[in-house]
Amino acid sequence: MASDHASHGAGHVSPVSLYVTIFLALMVLTGVTVGAAFVNLGQFNFLVAMIIAVFKASLVIWYFMHVKYQSPLTRLTVATGLFFLAILLGMMLIDYSSKGFTPMPPPTDDDSVLGAPGAPPPH
Amino acid sequence: MSNAVAQADHHAHAHHPAQQHHFDTMPQQKEAAVLGMWVFLLTEILFFGGLFAAYMIYRVWYFEAFAEASRRLSLFWGGLNTAVLIGSSLTMAMAVRGAQTNKRTATVNWLILTMILGAVFLGVKVIEYQDKFANYEVPGATYNWMYHDERAAAAGGEHAAPAPGAAHRQLALSPGQLQRTTQIYFSLYFTMTGLHALHMIIGIGLMSVITWMAWQGKFDDQYYTPVEMSGLYWHFVDIVWIFLFPLLYLVERHQ
Amino acid sequence: MLDTLKIPGRHYLNDGHSLRSWLFTKDHKRIAIMYLMSISIMFFIGGMFAVGIRFELATPQGDFVTADTYNKFFTMHGVIMVFFFLIPSIPAVLGNFLIPPMIGAKDLAFPRINLLSLYIFWIGAAFTLYSMVVGGVDTGWTFYTPYSATASNTSVVPTAVGIFIAGFSSILTGLNFIVTIHRMRAPGMTWFRLPLFVWAHYATSLVQVLGTPVIAITLVMLGVERGLGFGIFDAARGGDPVLFQHLFWFYSHPAVYIMILPALGVQSELISTFSRKTIFGYSFVAFSSLAIAVFGFIVWAHHMFVAGISTYAAMVFSFLSFSVAIPSAVKVFNWSATLYKGSVSFDTPMLYAYGFMGLFAIGGLTGLFLATLGLDVHMHDTYFVVAHFHYIMVGGAIMGYLGGLHFWWPKMTGRMYSEFFSRVSAIMVFVGFNVTFFPQFVVGYLGMPRRYHSYPDEMQVLNVMSSAGATVLGLGYVLPVLYFLYSLRRGAVAGPNPWGASGLEWHLQSPPLTENFVEVPEVINEPYEYEHSVVKEKERV
């Protein structure tokens, strides 16, 4: 057989209580993320929001989407997607984050010009 | 012949009616479908990934514009939709569970409930979009950043509620700059939520077929792959929203 | 001898003769044949634009067409060739036909999705051909903003829609292959017994499913900007046109590997079969395919060195671009080592394989020139670039495609084509190709920019050479159509294994049964066992 992992019958049937728990956890985390947005954490607002979102997504993937009970290949597929998304975002950031290293002409006061791309807009 | 080929018979046991001819066993067929669906979701990650990449760059460049424009979205409707969508994920998971445990009526009911919640989400989205159209906040030739505040001011002179805190926020960007750069935010907003909504419409379409099939009694604990596949899809759409909500609605709410 | 071989009484081609039996088939082999016909038509449409380009460039003045028409010529040439010929070529035709028999499966994992991908391809092609009929596109196949988003008044949106749709065809093909290779292998067909053709397609499929969605979303963003007036890349509203290039090349650089990786897989099969030796360094060749697929995703900004990306990022991408040379070189060295002391023959598929090795090496090495930061500033957007990528896409991908088609044609149809004419055609393609594109390296190095319909007088000699070579090349491409079609009726019966090759697909009758295998086979041999067992001499006279 080609399949290196054989599941039989109906696969894993999760108890209803687990699903309800996950649902409640997701609702609470939604509340937390909204609440956190109204607290001034400076740079960390974004980080907190993203950590909560990643955690929520992980709950959905792990329990609702049954990845917990799937073969390692399924987990590898998910990981591949995230890895290449990281490549897309990370390699683009290499460009955008280092643009400012090169001296640029000073931004103009002219309202019609936003300043050179790459440099942050005038503050 | 260089490759000796031995024959092996894997057709000893009786076939399930849903088993296709080119698969040897039901587990093989199911695993192929699960893997195929996950590979499809992999492409979806990268599909939305392109939008997230654009969002990331512009949010850093024009943070203030993003923060200002983000406050124009209604936290009430956005939060409500998040709750609705998470709820629909729960009902979807229950529908799959119903199929797994041979409960035909329960499967159909949970699926219908999921579709109703999906429709509620889309209805709320229509309300939100209408508000954007009414306020000239759709990017393009008619876009007018100032209209929202002007209308609020005109509506009730001393009435301070429409733009809470706007007065005390000192903005570095001039109205002209906001007029331009907030359009980038709203372009991304409409593209992201629009594509997300499109995915939901497709999901509801898929589910109506699955519901009909479930009603016909096509599924049992040996074969419920279509229910499970549409479930995976629906949960993925939910995950996209889990990220869209803080990125679009909660850029900077504390000021 | 000839009389002993007969076309089998029952096979996939005579399993139903109605149009319906083709259009609603779930048989991967019939779908492959329909793909073959579709992409051949697209190839000749794209080729007509190439004829127009070379005709215009025969003289320094723009006297055949106007500059605007010329812009449309090279754009349509690029769009059709890249998205509607090269990307589906080997995977959708040869991969579709061969992967199930090679791994011992009766069909791909999702036969209906396979058929769907063909229909989607047709719809995408229809949109693109529609835009061609109503006036064409002039943005270049790269659709760079802001020109494509705001300035161009040609039919950008229908073309983009066509490419968007065709992209899903590519995704579905890749998805099908990945699942098939994971889940449909016959008992005993372990990963390291897979033919290298299958490994190459696995790597290709990864690129297809990971890259294509990004071009899809990029085209959506371009579409909403052009169609609805949104501003995502619009510099007037603070958007960044270079962002479009980042997203575009995130797919379109790996897309080059969608074109070349399957050709590398074909090449491994041909070299091993026709030198009658086990492939040298099987696992290195297999993993180099995966390495190329992954490295292909981290080099894209070498297309953008002069587009205004940061110097530091340019250095990183330049360095990484060199890394792709490593797995590519691993392959070429291993093929050379396979040929060494093999009993090498000169059948038509092998002629293409020899041509491939040389042209791929030149194409790859000139790629290193362009990956070099300082040199690229000089050569960017010149004919040097045009020559470089044609060495890879035409000299590599199309040579591999034609070599594979000649190799498996007897399996697909049960009949042999003309030995003489096929060798003539292979030599014409090789000579014609080099005469066409080698002068372009020179003319590009001298500074002739790409995408211009006129050029200085002193460059005419080289351009006339190029146009003359293109004529030979074009005839070399027409010839196979004639002898392939002729072979369908009059060709000698090929028998199951005319080349004495070792793959599982050669154990089937030619043409194979609809279900490929009557019983599930069990594989007990290692791949490419030419040396350790008695191999029959060629069964063909």
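Residues numbered from 1 in each chain as written. Chains lettered and ligands numbered in written order. Predicted model: local features only at pLDDT ≥ 70, side-chain atom pairs only at ≥ 80, totals over all residues. Heavy atoms only, no water.

With that settled, consider the overall build of chain B. Helix and strand content of chain B: seven helices and one strand. The secondary structure elements of chain B, listed N-terminal to C-terminal, are β-α-α-α-α-α-α-α. The 255 residues of chain B split such that 63% are buried. Nonlocal contacts in chain B, meaning residues at least 24 apart in sequence, comprise 83% of its contacts between residues at least 6 apart. Accessible surface, chain B: about 9,300 Å² in total, of which carbon and sulfur atoms supply 65%. (Helix = DSSP H or I, 4+ residues; strand = E, 2+ residues; numbered from the N terminus. Buried < 20%, exposed > 50% of the residue type's maximum accessible area, 1.4 Å probe, protein only. Contact = heavy atoms within 4.5 Å. Areas by Shrake-Rupley, 256 points an atom, 1.4 Å probe, with all protein chains shown as cover.)

A few words on the interface of chain A and chain C. Counting residues at the interface gives 20 residues for chain A, matched by 28 residues for chain C. There are zero salt bridges connecting chain A and chain C. The interface formed by chain A and chain C includes five residue pairs in polar contact (both at pLDDT 80 or more). Counted by class, the side of chain A that touches chain C contains twelve nonpolar, five polar and three charged residues. (Salt bridge = Lys/Arg side-chain N within 4 Å of Asp/Glu carboxyl O. Polar contact = N/O pair within 3.5 Å; in protein donor to acceptor, adjacent residues only side chain to side chain. Nonpolar A, V, L, I, M, F, W, Y, C, P; charged D, E, K, R; others polar.)

Moving on to the layout of surface pockets. Approximately 1,600 Å³ is the volume attributed to the second largest pocket. Taken together, 40 residues make up the lining of the second largest pocket; nearest its centre are M37, L206 and M229 of chain B together with I113 and L116 of chain C. Of all the elements in the fold, those that place two or more residues in the lining of the second largest pocket are helix 1 (26–61), helix 6 (175–215) and helix 7 (225–249) of chain B together with helix 4 (111–133) and helix 6 (156–183) of chain C. At nine residues, helix 1 of chain B tops the list of elements feeding residues into the lining of the second largest pocket. For the lining of the second largest pocket, the class distribution of residues is 31 nonpolar, seven polar and two charged. (1 Å grid on protein atoms, 1.4 Å probe; cavity = no way out; pocket = protein on both sides within 12 Å on 5 of 7 lines; lining within 4 Å. Points joined across faces, edges and corners; volume = space filled by probe spheres on them.)

Moving on to the environment of Y202 of chain C. Residues and elements named next belong to chain C. Looking at the secondary structure, you find Y202 in helix 7 (residues 196–228). Among the residues examined, Y202 registers a relative accessible area of 12% and is labelled buried. Distance in space between the C-alpha atoms of Y202 and F177 is 6.8 Å, their sequence separation being 25 residues. Beyond its immediate sequence surroundings of up to four residues, Y202 is in contact with I178, I181, H182, W191 and L290.

Once that is clear, we can look at the environment of F319 of chain C. Residue and element names in this part refer to chain C. By secondary structure assignment, the location of F319 is in helix 10 (residues 311–323). Given a relative accessible area of 64%, F319 falls into the exposed group. Sequence separation of F319 and T413 is 94 residues, and the distance between their C-alpha atoms is 47 Å.

What follows deals with the side chain of T128 of chain C. Relative to the assigned elements, T128 of chain C resides in helix 4. Residues in contact with T128 of chain C, not counting those within four places in the same chain, are M76, V79, F84, T159, G162 and I163 of chain C.

Another aspect to go through is empty space enclosed by the protein. Residue and element names in this part refer to chain C. Tallied over the entire structure, the rule returns six cavities of 30 Å³ or more. Within this model, the largest cavity holds a volume of roughly 140 Å³. Lining the largest cavity are 17 residues, with F83, I87, P88, A166 and S170 positioned closest to its centre. It is helix 6 that provides the largest number of residues to the lining of the largest cavity, a total of six residues. Grouping the amino acids of the lining of the largest cavity by side-chain chemistry returns eleven nonpolar, six polar and no charged.

Now for the confidence of the model for chain C. Residues and elements named next belong to chain C. Model confidence for chain C is summarised by a mean pLDDT of 93, while 98% of its residues fall at 70 or above. This model gives residues 534–541 a pLDDT under 50, and the stretch forms 24 contacts once residues within four places in sequence are excluded. Taken over the whole predicted complex, pTM reads 0.92, whereas the ipTM for its chain interfaces reads 0.92. (pLDDT = per-residue confidence, 0-100.)

Right, let's talk about the pattern of salt bridges for a bit. Under the defined criterion, the tally for this structure stands at 17 salt bridges over all chains. Residues R183 of chain C and E31 of chain B are paired through a salt bridge, measuring 3.6 Å at the closest nitrogen-oxygen approach. Of this pair, R183 of chain C sits in helix 6 while E31 of chain B sits in helix 1, placing the two residues on different chains. E31 of chain B matches R183 of chain C in its accessibility class, with the two residues each being buried. Note that R71 of chain B is salt-bridged to E252 of chain B, the shortest N-O span being 2.9 Å. With a gap of 181 residues between them, R71 of chain B in the loop between helix 2 (63–70) and helix 3 (75–100) and E252 of chain B in the segment after helix 7 connect regions that are remote in the sequence.

We now examine a nonpolar patch on the surface. Residue and element names in this part refer to chain C. A surface patch of nonpolar side chains, about 500 Å² in accessible area, is lined by F44, V478, V481, L482, L485 and L488. Per-element accounting of the nonpolar patch gives the leading share, five residues, to helix 16 (residues 460–490). Mapped onto the secondary structure, L485 falls in helix 16. (Patch = residues over 30% accessible without salt bridge, like charges linked within 9 Å, V, L, I, M, F, W, Y side chains within 5 Å.)

All right, on to the interface of chain A and chain B then. It is common to give the size of an interface as the accessible area that goes away when the parts come together. The partner chain B presents 60 residues to the 64 residues of chain A that form the contact. Between chain A and chain B the total buried area reaches about 5,200 Å² when both faces are included, carbon and sulfur atoms providing 76% of it. Seen at the junction of chain A and chain B, the total is zero salt bridges. For the pair chain A and chain B, the interface holds five residue pairs in polar contact (both at pLDDT 80 or more). Broken down by secondary-structure element, the contributors of at least two residues to the side of chain A that touches chain B are helix 1 (16–37), helix 2 (44–64) and helix 3 (72–98) of chain A. Per-element accounting of the side of chain A that touches chain B gives the leading share, 14 residues, to helix 3 of chain A. Looking at the side of chain A that touches chain B, its residues break down into 41 nonpolar, 21 polar and two charged. (Buried area = accessible area lost by both parts, 1.4 Å probe.)

Residue and element names in this part refer to chain C. The geometry of helix 8 (residues 241–275) relative to helix 11 (residues 325–339) is characterised by a closest axis approach of 9 Å and an angle of 15° between their N-to-C directions. What the angle tells us is that helix 8 and helix 11 run roughly parallel. Crossing hand, helix 8 versus helix 11: left-handed. Mapping the contact onto sequence places L264, Q267, S268, I271, S272 and S275 in helix 8 and K331, W335, T338 and L339 in helix 11. Taken together, the residues of the contact of helix 8 with helix 11 sort by class into four nonpolar, five polar and one charged. (Axes fitted to C-alpha atoms, helices over the stretch in contact; angles between N-to-C directions. Parallel < 35°, antiparallel > 145°, perpendicular 65-115°, else oblique. Left-handed = near helix turned anticlockwise from the far one by under 90°.)

Residue and element names in this part refer to chain C. Here the residue pair T145 and P146 is connected by a cis peptide bond, since its omega of 0° sits within 30 degrees of zero. Here the residue pair S510 and P511 is connected by a cis peptide bond, since its omega of -10° sits within 30 degrees of zero. In this fold, P511 is placed in the loop between helix 16 and strand 1 (520–523). At F143, a residue that is not glycine, the phi angle is positive and equals roughly 55°. Examined against the element boundaries, F143 turns out to sit in the loop between helix 4 and helix 5 (147–151). Backbone geometry places R451, a non-glycine residue, at a positive phi of 65°. Inspection of the secondary structure puts R451 in the loop between helix 15 (419–445) and helix 16.

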